Amino acid sequence: MADQLIRATAADGGIRAVGVVTTRLTEEAKGRHKLSWVATAALGRTMAAGLLLASNMKTPKSRINIRIRGNGPLGGVMADAGLDGTVRGYVDNPSIELPPNAKGKLDVGKAVGPEGYVYVIRDVGYGYPYSSTVELVSGEIGDDITHYLVTSEQTASALVLGVFVDASGVQAAGGLLLQILPKAASDEELVGTLESRIAHLSGFTPLLRAGKTLPQIFEELLGDMELNILPERQIVRFHCDCSFDRVLGALKMFGVEELRDMIEKDNGAVATCEFCGETYQASSEHLSELIDELQGPKAEVPVGQLRRSSP
Ligand code: ZN
């Protein structure tokens, strides 16, 4: 199934469900950052969670940033996802590999580490972003972000995330987010039924690998609960908005001395975007232009400062 995100409701609007398939974009991230298997699983789960959480935001430019910082060898995991279906991300130590855990699965919990924090920043595109932090529960990412949803957003939520990777690459990736809205939260029978169905789910990637589509998965979980699958299939993809102009802007911040140093010692500068791994080469000519701009006639002396120095 191609990468996409589908929304649904059930129980007369009391349950909100979102499903996302991220197989190709996770493979792209693996290639861009040369990720090990366990790093692919960690970043893939975080990116899928980012897309699922962003899908519930309202204003068009909304984005969500998930930073997971545990005490394991992987270091930090970062994903940035938008309501527009774009996502990017990276891990601090992409080449870390660990033996499988007791269940024979990629040991994401050990790679991330059981102690640390999840930082979530919600940016609606204007004003101040809203951020919150919760402690890690297991480092397995699904549990940790569910804990964030329940404590910070106070919404009864179940999040199922999965990445299946083997020697030929990412075979299946994505996840499901089910939320019980306040109007249905007091319906104990409904909550109980949903909890037991999610508990019996053998994970997300086995369903995808068995050839199931998102609507079929929704049907299995919620088919007898007035399920309403929304018709829109949103495309999701790995996308980074870095550009050569942005890189030049960042280089300019180093100042005249450092830029001269880059010209003399390296005959230019190479910058790599940490989000997508793209490299940009700035020549000595580019750097000289930046120096000219920094020293130019409109040398940015604030008007206020001029007034102060000439009584
Ligand atoms: Zn980039």
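All residue numbers refer to position in the chain's written sequence, counted from 1. The model is predicted, so local features are restricted to residues of pLDDT at least 70 and side-chain atom pairs to those at 80 or more, both for listing and for counting; the totals for chains, interfaces and linings are taken over all residues. To get the side-chain values, all heavy atoms of the structure are used, and hydrogens and water are removed first.

Asker: What am I meant to see in the pairing of strand β3 (residues 63–70) here?
Answerer: Every other side chain in a regular strand lies on the same face of the sheet, so the side chains alternate between the two faces. Pairing between two strands is assigned when DSSP locates at least 2 bridges connecting them. Every helix listed is a DSSP run of H or I at least four residues long, and every strand listed is a run of E at least two residues long, numbered separately from the N terminus. Sheet topology note: the β3/strand β4 (residues 76–82) ladder contains 7 bridges and is antiparallel. When the sheet's bridge partners are listed, Arg69 is paired in β4 with Gly76. Linking two consecutive strands that pair antiparallel, namely β3 and β4, is a turn of 5 residues; a positive phi of about 75° is found at Gly75 within it. Two strands pair when backbone bridges link them, and β3 and strand β6 (residues 116–123) are joined in this way by 8 bridges, in the antiparallel orientation.

Asker: For this particular structure, what's the right way to read the packing of helix α1 (residues 23–33) against helix α2 (residues 37–54)?
Answerer: Packed helices, taken two at a time, are described by their axes: the angle between them and the distance between them. Interaxial angle, 0 to 180 degrees, is taken between N-to-C directions of lines fitted to C-alpha atoms, where a helix line uses only the stretch in contact. Contact pair α1 / α2: the axes reach a minimum separation of 10 Å and the direction vectors enclose 130°. One element, α1, and the other, α2, form an angle in the oblique class. When you trace α1 past α2, the crossing you get is right-handed. Only Trp37, Thr40, Leu43, Gly44, Met47 and Leu51 of α2 make contact with α1, whose side of the interface consists of Leu25, Thr26, Ala29, Lys30 and His33. Across the contact of α1 with α2, the residue classes tally to 6 nonpolar, 4 polar and 1 charged. Here is the rule for angles: anything less than 35 degrees is roughly parallel, anything more than 145 is roughly antiparallel, 65 through 115 is roughly perpendicular, and the remaining ranges are oblique. The sense of a crossing depends on the near helix, which, turned anticlockwise from the far helix by less than a right angle, makes the crossing left-handed and, turned clockwise, makes it right-handed. Should any heavy atoms of two residues lie within 4.5 Å, those residues are counted as being in contact. Three residue categories are used. Nonpolar comprises Ala, Val, Leu, Ile, Met, Phe, Trp, Tyr, Cys and Pro, charged comprises Asp, Glu, Lys and Arg, and polar comprises the others, including Gly.

Asker: I tried to follow unusual backbone geometry on my own but got confused; where do I start?
Answerer: Most peptide bonds adopt trans geometry, and most residues besides glycine take a negative phi value. Residue Asp12 is not a glycine yet carries a positive backbone phi of 55°. Looking at the element boundaries, Asp12 is found in the loop between β1 (4–10) and β2 (15–21). The phi dihedral of Gln154 falls on the positive side, at around 50°, and the residue is not glycine. In this structure, Gln154 sits in the loop between α4 (142–152) and β8 (156–166). According to the relative accessible area criterion, Gln154 is exposed, its value standing at 68%. Think of it in three bands: residues with accessible area under 20% of the maximum for their type are buried, residues over 50% are exposed, and the middle band is partly exposed, with areas taken using a 1.4 Å probe on protein chains only.

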